[in-house]
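Observations on chain architecture
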Amino acid sequence: MADRFGVDAPATIVFSLFYAVFCTGFIYQSKEFSGAGLSPEIFLSYNDWIGSEELRFFVYHMKRTAGSMVIHSLLPAGYLVGYSYFTSIIDMNHPTMSHFWAHWPVFWNLLMLSVLLPVMAASIVWFWSLNGWERHPFVTKLKLYASNSSWHQVRADVETEFRRIDKISIRTNPLSKVVVTDNWIVMVGAWPWSLQLSHQSDVSLELASSEHHRISTEGEIGGAQFLHIKVVNRKPEISSFIFRLNSLEYQNLQDKVTGTIANLENIQVYKTVSERFVDVFKEQIRENPRARVTDELEACIGCMANTANVTIQRSCDSSQEGGAGAADGGADAAAGGAEDACVSCYCRPMWCMDCMAKWFASRQDQSNPENWLGSKCPCPTCRSKFCVMDVRIIE
């Protein structure tokens, strides 16, 4: 049985599979590769060649995209040389690598062509770098906004705003990101032709579409929603573009852009699980009986912004004494019922509706949000257990 299934795969097949996985992860920069330091930025940072993104944003990305193109151009030659080594030395199909190339002249010709790729890429990068990267494709986009000044001035303006702490930087995917400053929207990717630059006064933003994933790679409960934002530029010479962001970052983007983001398709933007629960919690307690108190209401001790407007008054059917449990299941059931039952709370009103909802959500099992509304929670002041039915709005 062992001889029947114990077939060794040729080393060339194993190498080909490994190299395909490596190239995919290296080019598209999966978390595993970037976390292990296998990224073009790490190699280009040798001797601080690409510099600092914070200090010289455009120079950094000009060098990063140009250097990445050279590094990626080495991958075909690396595969062909590796394949020649494994088929000749490991699998011993040929005495030497030279004999393999002589036996397969097509393979040799492909290797020569693959060697020309990094030579051509390096030559193009050298040409771009002349006169302070004057010929880089990024400069073409910068010159579109340099009608009354040089592109260096446009670059300096964007870099000055990028150094401010109030900018937002959104990683749209492993290869590209969007930076929104006070006046500019910039999207940079992995390639020299990936720059998109627009002044906020020239654009209108639209919520184009959305996609929802039940499983989030970031571990977010309830999955993740991604929104596609279209940036439409009023200048005909500047192309529009679309970028993708997590719905949790949508509000940050809305707060940073000068205009509004049009939602022509009436797309529902999902909130976090806790934020959605706060809305449901508030809807539920609005249906509960109202409460009247004689104490003077003070500011909520949770936020100190709103006036305390809710109180806890036991009104649900749970029994602290566990009488029903004792009748049906004996002392153990009664003890369990008493432990889980709601308890009367005598604290004066000290919390607002929003803070009470957030407190309730924070005390629940975060892995089972579907059970939150029917669960119990200790009072934030005296730790008496209560449920949603016990929370009343003060008239």
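Structure: see above.
Notes on the structure follow. All figures in this text were calculated on a predicted structure; none of them were measured in a lab.

How each quantity is defined
- Residues numbered from 1 in each chain as written.
- Predicted model: local features only at pLDDT ≥ 70, side-chain atom pairs only at ≥ 80, totals over all residues.
- Heavy atoms only, no water.
- Phe/Tyr/Trp six-rings, centres within 6.5 Å; stacked < 30°, edge-to-face > 60°.
- Helix = DSSP H or I, 4+ residues; strand = E, 2+ residues; numbered from the N terminus.
- Buried < 20%, exposed > 50% of the residue type's maximum accessible area, 1.4 Å probe, protein only.
- Expected span 1.5 Å × (residues − 1).
- Contact = heavy atoms within 4.5 Å.
- Axes fitted to C-alpha atoms, helices over the stretch in contact; angles between N-to-C directions.
- Parallel < 35°, antiparallel > 145°, perpendicular 65-115°, else oblique.
- Left-handed = near helix turned anticlockwise from the far one by under 90°.
- Pairing = 2+ DSSP bridges.
- Polar contact = N/O pair within 3.5 Å; in protein donor to acceptor, adjacent residues only side chain to side chain.
- Core = buried A, V, L, I, M, F, W, Y, C linked by side-chain atoms within 4.5 Å.
- Salt bridge = Lys/Arg side-chain N within 4 Å of Asp/Glu carboxyl O.

1. Concerning the packing of aromatic side chains
Evaluation of the coordinates by the stated rule reveals 25 aromatic pairs. Geometrically, the ring pair formed by Phe 277 and Phe 281 is tilted, given 5.9 Å between the ring centres and 50° between the ring planes. Placement of both Phe 277 and Phe 281 in helix H12 (residues 273-287) is noted, with a separation of four residues, approximately one turn of the helix. Taking relative accessible area as the criterion, Phe 277 reaches 7% and is therefore assigned buried. When its relative accessible area of 0% is taken as the criterion, Phe 281 is described as buried. For the pair Phe 281 and Phe 360, a centre-to-centre distance of 5.4 Å together with 45° between the ring planes defines the contact as tilted.

2. Considerations on helix H6 (residues 75-90)
For H6, which comprises 16 residues, the first-to-last C-alpha distance of 21 Å matches the rise-based estimate of 22 Å (1.5 Å per residue) to within 8%. Taken together, the buried positions of H6 are Leu 75, Ala 77, Leu 80, Gly 82, Ser 84, Thr 87 and Ser 88. Where the residues of H6 are buried, they touch helix H2 (11-28), helix H5 (57-73), helix H7 (97-103) and helix H8 (105-133). A positive phi of about 55° marks Met 92, the residue just after H6.

3. As for the packing of H12 against helix H14 (residues 353-362)
Two numbers describe how H12 lies on H14: the axes approach to 9 Å, and their chain directions differ by 120°. Taken together, the axis directions place H12 and H14 in an arrangement best described as oblique. Two packed elements cross with a definite hand, and for H12 against H14 that hand is right-handed. For the pair H12 and H14, the contacting residues are Phe 277, Val 278, Phe 281, Lys 282, Ile 285 and Arg 286 in the first and Met 353, Asp 354, Met 356, Ala 357, Lys 358, Phe 360 and Ala 361 in the second.

4. Some remarks on the sheet that holds strand S3 (residues 184-188)
Strand order in the open sheet formed by four strands is S1-S2-S3-S4, with antiparallel pairing between adjacent strands. Strands at the two margins of the open sheet, each flanked by one partner only, are strand S1 (168-173) and strand S4 (196-199). Looking at each pair of strands side by side, their axes are set apart by 15° on average, direction ignored. Pairing between strand S2 (residues 176-180) and S3: four bridges, direction antiparallel.

5. Some remarks on the side chain of His 228
Note on placement: His 228 falls in strand S6 (residues 224-233). By relative accessible area, which is 19% here, His 228 ends up buried. A polar side-chain atom of His 228 sits 2.7 Å from a polar atom in the side chain of Glu 211. Setting aside its immediate chain neighbours within four residues, His 228 contacts Glu 206, Leu 207, Ala 208, Ser 209, Ser 210, Glu 211, Ile 242, Phe 243 and Arg 244.

6. Here we look at the side chain of Glu 159
Following the sequence through the fold, Glu 159 ends up in helix H10 (residues 151-162). Given the relative accessible area of 6%, Glu 159 is considered buried. Polar side-chain contacts of Glu 159 include one of 3.0 Å to the backbone nitrogen of Phe 58. Other than its neighbours up to four places away in sequence, Glu 159 contacts Leu 55, Arg 56, Phe 57, Phe 58 and Val 59.

7. Focus: the nonpolar core
Within the largest apolar cluster, 26 residues are counted, with the highest numbers of intra-cluster contacts made by Phe 281, Ile 285, Val 310, Met 356, Phe 360, Phe 386 and Val 391. Listed by contribution, the elements that provide at least two residues to this core are H12, strand S9 (310-312), H14 and strand S12 (391-393). A total of seven residues in this core trace back to one element, the largest contributor, which is H14. Core analysis: the second largest hydrophobic core is formed by 25 residues, Val 125, Leu 142, Val 154 and Phe 162 among them.

8. Notes on the sheet that holds strand S7 (residues 241-246)
The mixed open sheet is built from four strands, whose spatial order is S7-S6-S5-S8. Edge positions in the sheet fall to S7 and strand S8 (261-262), since each of these pairs with one other strand and no more.

9. Digging into the environment of Phe 226
Looking at the secondary structure, you find Phe 226 in strand S6. Separated by 14 residues in sequence, Phe 226 and His 212 place their C-alpha atoms 6.3 Å apart. What Phe 226 contacts, discounting residues up to four positions off in sequence, is Ser 209, Ser 210, Glu 211, His 213, Arg 244, Leu 245 and Asn 246.

10. Some points on the pattern of salt bridges
For the coordinates displayed, the defined rule picks out 13 salt bridges. For the salt bridge of Glu 41 with Arg 64, the shortest nitrogen-to-oxygen distance reads 3.8 Å. Here Glu 41, found in helix H4 (residues 40-44), pairs with Arg 64, found in helix H5; they are 23 residues apart in sequence, far enough to count as distant. Between Lys 167 and Glu 54 there is a salt bridge, with the nearest N and O atoms lying 3.5 Å from each other. With Lys 167 in the loop between H10 and S1 and Glu 54 in the loop between H4 and H5, this pair connects stretches of sequence that are 113 residues apart. Among the residues examined, Glu 54 registers a relative accessible area of 37% and is labelled partly exposed. A cluster of three or more residues bridged by salt bridges with shared partners is formed by Arg 164, Asp 166, Asp 182 and Lys 256.

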